[in-house]
Amino acid sequence: QVQLVESGGGLVQPGGSLRLSCAASGSIFRIDAMGWYRQAPGNQRELVADITRGASTNYADSVKGRFTISRDNAKNTVNLQMNSLKPEDTAVYYCYAVAKADGSRRYEMYWGQGTQVTVSS
């Protein structure tokens, strides 16, 4: 199957930056879209940004101009550069990949375990 491992979360002051990374591994045939969701306590999980295999991107209105998503298809990685962070960006961030595993007939959505981002002074 496909496993996703995130890294790069932590505590940062308002106005600061963090870079999240996510690496996919396992029996991967092909990865289509990749992206990031986040979930704050008491809130539903929401899409932060996603990127197609051809590098077309989509961002939540709340992060446009502050966050940048990128990917490396050869390494099966996706990154999220987060600048000008605000306290309301505090959440657990989850990466995902829409991928087809070796021997599978269909694409499925795979999730990472989540990484905590806390923005606080």
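Cut-off values and rules
Residues numbered from 1 in each chain as written. Predicted model: local features only at pLDDT ≥ 70, side-chain atom pairs only at ≥ 80, totals over all residues. Heavy atoms only, no water. Helix = DSSP H or I, 4+ residues; strand = E, 2+ residues; numbered from the N terminus. Rg over C-alpha atoms; globule rule 2.2 N^0.38 Å. Buried < 20%, exposed > 50% of the residue type's maximum accessible area, 1.4 Å probe, protein only. Contact = heavy atoms within 4.5 Å. Areas by Shrake-Rupley, 256 points an atom, 1.4 Å probe, with all protein chains shown as cover. Salt bridge = Lys/Arg side-chain N within 4 Å of Asp/Glu carboxyl O. Pairing = 2+ DSSP bridges. Axes fitted to C-alpha atoms, helices over the stretch in contact; angles between N-to-C directions.

K.L.:
How should I be thinking about the overall build of the chain in this particular structure?
P.N.:
Of regular secondary structure, the chain possesses 0 helices and 11 strands. For the chain, the sequential pattern of α-helices and β-strands runs β-β-β-β-β-β-β-β-β-β-β. For 121 residues, the compact-globule estimate of 2.2 N^0.38 gives 14 Å, and the chain sits close to it at 14 Å. For the chain, the spread of C-alpha atoms along the three principal axes comes to 50 × 25 × 20 Å. Across the 121 residues in the chain, those meeting the buried criterion constitute 41%. Of the contacts made within the chain by residues no fewer than 6 positions apart, 57% connect residues no fewer than 24 positions apart. Carbon and sulfur atoms make up 45% of the accessible area of the chain, which totals about 6400 Å².

K.L.:
Help me understand unusual backbone geometry, please; the structure alone is not making it clear to me.
P.N.:
Only a minority of non-glycine residues have a phi that is not negative, and only a minority of peptide bonds are not trans. Not every positive phi belongs to a glycine, and A55 is a case in point at roughly 80°. Note that A55 resides in the loop between β5 (46–51) and β6 (57–59). Accessibility expressed as a relative area gives 48% for A55, which makes it partly exposed. A positive phi angle, near 50°, is found at S84, a position not held by glycine. Looking at where S84 falls in the secondary structure, it is placed in the loop between β8 (77–82) and β9 (91–101). Its relative accessible area of 42% is what places S84 among the partly exposed residues.

K.L.:
What is the right way to look at the pattern of salt bridges in this model?
P.N.:
When the charged atoms of two side chains with opposite charge come close together, those side chains can pair. A complete count under the given rule lists 4 salt bridges for this structure. Here D61 and K64 are joined by a salt bridge, their closest N and O atoms 3.1 Å apart. Of the residues examined, D61 reaches a relative accessible area of 65% and is grouped as exposed. Put simply, D89 and R66 hold a salt bridge, and the shortest N to O gap is 2.7 Å. Of the two residues, D89 is situated in the loop between β8 and β9 and R66 in the loop between β6 and β7 (67–72); the sequence distance between them amounts to 23 residues. Classification of D89 by relative accessible area gives buried; the value is 1%. Relative accessible area serves as the criterion here: at 10%, R66 is assigned to the buried category. Connected through salt bridges with shared partners, the residues R38, E46, R66 and D89 form a single ionic network.

K.L.:
It is not clear to me how the sheet that holds strand β3 (residues 18–26) should be interpreted in this structure. Could you clarify?
P.N.:
Each strand in a sheet pairs with its neighbour through backbone hydrogen bonds, running either in the same direction (parallel) or in the opposite one (antiparallel). The sheet built from 4 strands is open, its strands ordered β1-β3-β8-β7 with antiparallel pairing. Edge positions in the sheet fall to β1 (2–7) and β7, since each has one partner strand and no second. Across the sheet, the mean angle from the axis of one strand to that of its neighbour is 15°, orientation sign disregarded. Here β3 runs beside β8; their pairing, made up of 6 bridges, is antiparallel. In the strand pairing of β8, R19 is matched with Q81.

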